[in-house]
Amino acid sequence: MKTNDQDRLKAIIVDDEDLARQGLAMRLEAFTNVEVMQEARNAHEALEAITIHEPDLLFLDIQMPGMTGLELLGEIQTDLMPMIIFVTAFDAFAVEAFRVHAIDYLLKPIEVERLAEAIARSMELKKRLSVSQEKQKLLDLAVSLTGKSYSAVGELISNSE
């Protein structure tokens, strides 16, 4: 059975450790709703991969040589910013991770149950964002067709419900 893009998370794994990337990629193979688009060894490779693939989700290590995962977030264009799940061996950065609105913070070695929770949370957020974007498109269309303001169209919609 084929799934559509709304039912899948396009993901990129960013970790400087080969075994950590491979281990996470292997675990993610069990999730039919996650497609790993690319793996990156550092923040520079990640930036290029994000620009090319525009992923929904980034599995991101924090401590990497050259540029940390947290620093990487400051380099990503706002319109390309994916959801973030930090994957790290260090619990010391958890507060900072949630300050930048991470979906989750997984400690290595990754427990499959925690990974499943993080993916489920990501899917739910993607669906909510999709519904919100569709509502905005409909509102934009209604405004363009009627010539009314956004608030007037919004009021019409509210009164019809």
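Refer to the preceding data block for the structure.
Keep in mind the model is a prediction, meaning the values are calculated, not measured.

Overview of the nonpolar core
The biggest cluster of nonpolar side chains holds 22 residues, and the ones touching the most others in it are Val-14, Leu-58, Leu-60, Leu-72, Ile-76 and Phe-86. Setting aside its immediate chain neighbours within four residues, Leu-72 contacts Ala-43, Ala-46, Leu-47, Leu-58, Leu-60 and Met-67. Residues Leu-28, Phe-59, Ile-85 and Ile-119 belong to the second largest nonpolar core, which totals 20 residues.

Here's the deal with the sheet that holds strand S4 (residues 83–88)
Sheet strands pair by backbone hydrogen bonding; their relative direction is either parallel or antiparallel. Here we have five strands laid out as an open sheet, ordered S2-S1-S3-S4-S5, and parallel in their pairing. With one partner strand each, in any of the chains shown, strand S2 (34–40) and strand S5 (104–107) form the two edges of the open sheet. Looking at each pair of strands side by side, their axes are set apart by 20 degrees on average, direction ignored. Relative to S2, helix H2 (residues 43–53) is tilted by about 140 degrees, and along the sheet it contacts strand S1 (9–14), S2 and strand S3 (57–60).

Calculation criteria
- Residues numbered from 1 in each chain as written.
- Predicted model: local features only at pLDDT ≥ 70, side-chain atom pairs only at ≥ 80, totals over all residues.
- Heavy atoms only, no water.
- Core = buried A, V, L, I, M, F, W, Y, C linked by side-chain atoms within 4.5 Å.
- Buried < 20%, exposed > 50% of the residue type's maximum accessible area, 1.4 Å probe, protein only.
- Contact = heavy atoms within 4.5 Å.
- Pairing = 2+ DSSP bridges.
- Helix = DSSP H or I, 4+ residues; strand = E, 2+ residues; numbered from the N terminus.
- Axes fitted to C-alpha atoms, helices over the stretch in contact; angles between N-to-C directions.

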